[in-house]
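Geometric and topological summary
Take a look at the letters that make up each chain.
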Protein chains: 2
Amino acid sequence: MRPIRSRDNALVKHLHALATSARERRKTGETVLDGPHLIAAALDHAFPLKRLVVAETALQRGEVAALLARAPAEIERICLDDALSSHVSPVDTPSGIVALIDTPRPPDGAGHAEFSGDVVVLDGVQDPGNLGTILRTAAAAGVADALLTEGCAQAWSPRVLRAGMGAHFVLRIREQADALALLAGFPGPRLATALAPGARSLYELDLAPAAAWMFGAEGQGLSPALLSAADGLVTIPMGEGVESLNVGAAAAICLFEQRRQRLARTAAGR
Amino acid sequence: MRPIRSRDNALVKHLHALATSARERRKTGETVLDGPHLIAAALDHAFPLKRLVVAETALQRGEVAALLARAPAEIERICLDDALSSHVSPVDTPSGIVALIDTPRPPDGAGHAEFSGDVVVLDGVQDPGNLGTILRTAAAAGVADALLTEGCAQAWSPRVLRAGMGAHFVLRIREQADALALLAGFPGPRLATALAPGARSLYELDLAPAAAWMFGAEGQGLSPALLSAADGLVTIPMGEGVESLNVGAAAAICLFEQRRQRLARTAAGR
């Protein structure tokens, strides 16, 4: 492979724009995966890659070479000199390999959607690290669908992808989602964490049925419309002198309590 | 109060150094709390404040005025003009009030320590947001002590304090801790999360006895010395296609499973 050496190259310009601009990603419907871990996760889930772009000096690195050997032959490989490779990388310490992909577009529809299992609704979660971490937790807990309201960070941005650690290839993610409309036909409970009076302890709930968990942004919490649509308010019993949990921690506790109850039920049914 | 207007003022220089320099904080044993929430949390726990420093235009704000009215009279109040107030604030969007405090110094000792309950050991957790979030989760779960190894971020830095949301006033935090030596006489199990063979499911463990939970940094995991000191390796059962959890999520799941088991036991004993 002869490396590209010019910043004026159209592909280089395009990758740089995708790495640095949320608007460009939205306009083109494309994004970049940075690093061997994310690209390997995409391949593990048979997620289609459009192009693999490698730094000249990374070609010899075992991890990168293995990825190139493993990726389907029809995916175009492109080599950049090292300076250009840093230029198109969305992270501060470039890994030497990025993949160009199309952002998946699950059917939105104006009306309600069909869901095959649990759903997480994330409302106004703006911090990319928090958003990616919650997606990763939800995928690990076996959740199938994530609905992200308008105020959330862009799910397929490099920082959210990095924190998600591959969760994007496991979950079906709908962005700019009208969560209430999409959940119109959802058969299970809509649960919201709250410290409000009348909230029931997480540990007293029967979490066997598929649920829609709604988590709001740190500080503001859930929007009033979502909060009033909740069938149940759930509280996590906390120690004295502490008021609240980080939204990512709260999501982890709720989603894995659900997982624990289901595993216990399966074990008891054996 | 007549506001200070000069950057050459000794207190202004000192506060600016504390806000921006880990070395200065270490050298002086002092730090700053930024914002009404953290300062209110300190007052809630009768944590001693040395000085309250307020921006001129923040004096009229209800939240700030209420704090000033509530804080013990012997705490000196100092007013800065707004530009200086931003200069001494450790955050990008200054809240208009900071408090100067001494960083607590729990007894280190060369040998082992006495612990009254559960302990979390955080090993090499460098990300301030992650570290603060785990401290917050630990406090909410009722943990009493946190041991931070050398590679961790500085616990009393502004970013860790902000993510901790008051946990610093609930936990006893030892930094630069020789965790193995301190835990020498600890009566309960030393538990480490791992995907290693032989790890037992979190949900099969009896978590009634006080435990020392050891969490390693994302990526590297626990240091070999801590890992080999673990009495039990614990795994969190995850869904298919997902390898791992963020360390903050893993800590939340483990510490609140422990809390759930204890609450269930207390309820059953009634």
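Quantities reported herein were computed from a predicted structural model and do not represent experimental measurements.

**A closer look at helix H10 (residues 247-269) of chain B**
End to end, H10 of chain B covers 33 Å across 23 residues, agreeing with the expected 33 Å (1.5 Å per residue, within 8%). The backbone nitrogen of Gly248 of chain B has a side-chain oxygen 2.6 Å away, supplied by the residue at the start of H10 of chain B, namely Asn246 of chain B.

**Some details on the packing of helix H3 (residues 36-44) of chain B against helix H4 (residues 62-70) of chain B**
All names here are of chain B. One can describe the packing of H3 onto H4 by two numbers: an axis separation of 11 Å at closest approach and a directional angle of 25°. Here H3 is positioned roughly parallel relative to H4, judged by the angle of their axes. Where H3 crosses over H4, the two elements pack in a sense that is left-handed. Listed contacts from H4 to Pro36, Ile39, Ala40, Leu43 and Asp44 of H3 are Glu63, Val64, Leu67 and Arg70. Looking at the contact of H3 with H4, its residues break down into six nonpolar, no polar and three charged.

**Notes on the pairing of strand E8 (residues 190-193) of chain A**
Residue and element names in this part refer to chain A. Across three bridges, E8 lies against strand E10 (residues 212-216) in parallel orientation. Along E10, the bridge assignment pairs Leu191 with Trp213. As paired strands, E8 and strand E11 (residues 232-235) are joined by three bridges and run parallel to one another. Bridge pairing in E11 places Thr193 opposite Val234.

**Some words on the nonpolar core**
Residues Trp213 of chain A together with Trp213 of chain B are the most contacted members of the largest nonpolar core, which totals 131 residues. The contact partners of Trp213 of chain B, leaving out residues within four places of it in the chain, are Val119, Val120, Val121, Leu191, Leu202, Leu207, Val234, Cys254, Leu255 and Gln258 of chain B.

**Observations regarding the domain arrangement of chain A**
Residues and elements named next belong to chain A. Once the domains are mapped, chain A shows domain 1 (10-102) and domain 2 (119-269). Its C-alpha centre places domain 1 at a distance of 31 Å from the equivalent point of domain 2. Domain 1 puts 16 residues into the contact, and the matching count from domain 2 is ten residues. When the buried area of domain 1 at its contact with domain 2 is split by residue, Arg25, Leu38 and His45 rank highest and sum to 36% of it. In this structure, the connection of domain 1 to domain 2 is made through zero salt bridges. Listed by contribution, the elements that provide at least two residues to the side of domain 1 that touches domain 2 are helix H2 (22-28), strand E1 (30-34) and helix H3 (36-44). With four residues, the top contributor of residues to the side of domain 1 that touches domain 2 is H3.

**Observations regarding the interface of chain B and chain A**
When the parts of a complex come together, some accessible area is lost, and that lost area is often used as the size of the interface. Contacts between the two partners involve 29 residues from chain B, matched on the other side by 29 residues from chain A. Taking both partners together, chain B and chain A bury about 2400 Å²; carbon and sulfur atoms supply 60% of that area. For Arg260 of chain A, the salt bridge goes to Glu257 of chain B, with nearest N and O atoms at 3.8 Å. For the side of chain B that touches chain A, the leading source of residues is H10 of chain B, giving eight residues.

**As for the state of the cysteines**
Applying the stated criterion across every chain yields a total of zero disulfides over all chains. The thiol sulfur of Cys152 of chain B is not disulfide-bonded, and the nearest other cysteine sulfur, from Cys254 of chain B, lies at 17 Å. Left without a disulfide partner, Cys254 of chain B is nearest to the cysteine sulfur of Cys254 of chain A, which lies 16 Å away.

**Some details on the sheet that holds E11 of chain A**
Residues and elements named next belong to chain A. Pairing is parallel across the open sheet formed by seven strands, whose spatial order is E7-E6-E5-E10-E8-E11-E9. What marks the edges here is a single partner per strand, and that holds for strand E7 (172-174) and strand E9 (200-201). Across two bridges, E9 lies against E11 in parallel orientation. Paired with Ser201 across the bridge in E11 is Thr235. Against the sheet, helix H6 (residues 128-140) makes contact with strand E5 (119-123), strand E6 (145-148) and E7, and its axis sits at roughly 170° relative to E5, the strand it touches most.

**Brief notes about helix H1 (residues 10-20) of chain B**
Those residues of H1 of chain B that sit buried are Leu11, Val12, Leu15, Ala17, Leu18 and Ala19 of chain B. Its side-chain oxygen at 2.8 Å from the backbone nitrogen of Leu11 of chain B, Asn9 of chain B defines the N-terminal cap of H1 of chain B.

**Some words on unusual backbone geometry**
Residues and elements named next belong to chain B. At Ala46, a residue that is not glycine, the phi angle is positive and equals roughly 55°. Mapped onto the secondary structure, Ala46 falls in the loop between H3 and strand E2 (51-55). Non-glycine residue Met165 carries a positive phi angle of around 50°. We classify Met165 as partly exposed; its relative accessible area is 32%.

**Thoughts on the packing of aromatic side chains**
Ring pairs (aromatic) are described by centroid distance and by the angle formed between their planes. All names here are of chain A. Under the defined criterion, the tally for this structure stands at ten aromatic pairs over all chains. Seen from their ring centres, Phe115 and Phe186 are 6.0 Å apart, and the 75° between their planes marks the pair as edge-to-face. Taken as a pair, Phe115 in the loop between strand E4 (97-102) and E5 and Phe186 in the loop between helix H8 (179-182) and E8 lie far apart in primary sequence, 71 residues in all. The exposure class assigned to Phe115 is buried, which follows from its relative accessible area of 15%. Phe186 gets classed as buried once you look at its relative accessible area, which sits at 7%. Three or more aromatic residues joined by ring pairs make a cluster, and in this case those are Phe47, Trp156 and Phe169.

**Notes on the pairing of E5 of chain A**
Residues and elements named next belong to chain A. Counting buried positions over the five residues of E5 gives five, a clear majority of the element. Side-chain alternation along E5 places Val119, Val121 and Asp123 on one buried face and Val120 and Leu122 on a second face that is also buried. Relative to E6, E5 is paired through four bridges, and the arrangement is parallel. When the sheet's bridge partners are listed, Val120 is paired in E6 with Ala146. Each parallel crossover has a hand, and the one from E5 via H6 to E6 is right-handed.

Thresholds applied
Residues numbered from 1 in each chain as written. Chains lettered and ligands numbered in written order. Predicted model: local features only at pLDDT ≥ 70, side-chain atom pairs only at ≥ 80, totals over all residues. Heavy atoms only, no water. Helix = DSSP H or I, 4+ residues; strand = E, 2+ residues; numbered from the N terminus. Expected span 1.5 Å × (residues − 1). Polar contact = N/O pair within 3.5 Å; in protein donor to acceptor, adjacent residues only side chain to side chain. Axes fitted to C-alpha atoms, helices over the stretch in contact; angles between N-to-C directions. Parallel < 35°, antiparallel > 145°, perpendicular 65-115°, else oblique. Left-handed = near helix turned anticlockwise from the far one by under 90°. Contact = heavy atoms within 4.5 Å. Nonpolar A, V, L, I, M, F, W, Y, C, P; charged D, E, K, R; others polar. Pairing = 2+ DSSP bridges. Core = buried A, V, L, I, M, F, W, Y, C linked by side-chain atoms within 4.5 Å. Buried < 20%, exposed > 50% of the residue type's maximum accessible area, 1.4 Å probe, protein only. Domains from an automatic or database assignment. Buried area = accessible area lost by both parts, 1.4 Å probe. Salt bridge = Lys/Arg side-chain N within 4 Å of Asp/Glu carboxyl O. Disulfide = S-S within 2.5 Å. Phe/Tyr/Trp six-rings, centres within 6.5 Å; stacked < 30°, edge-to-face > 60°. Right-handed = clockwise from strand over helix to strand, strands pointing away.

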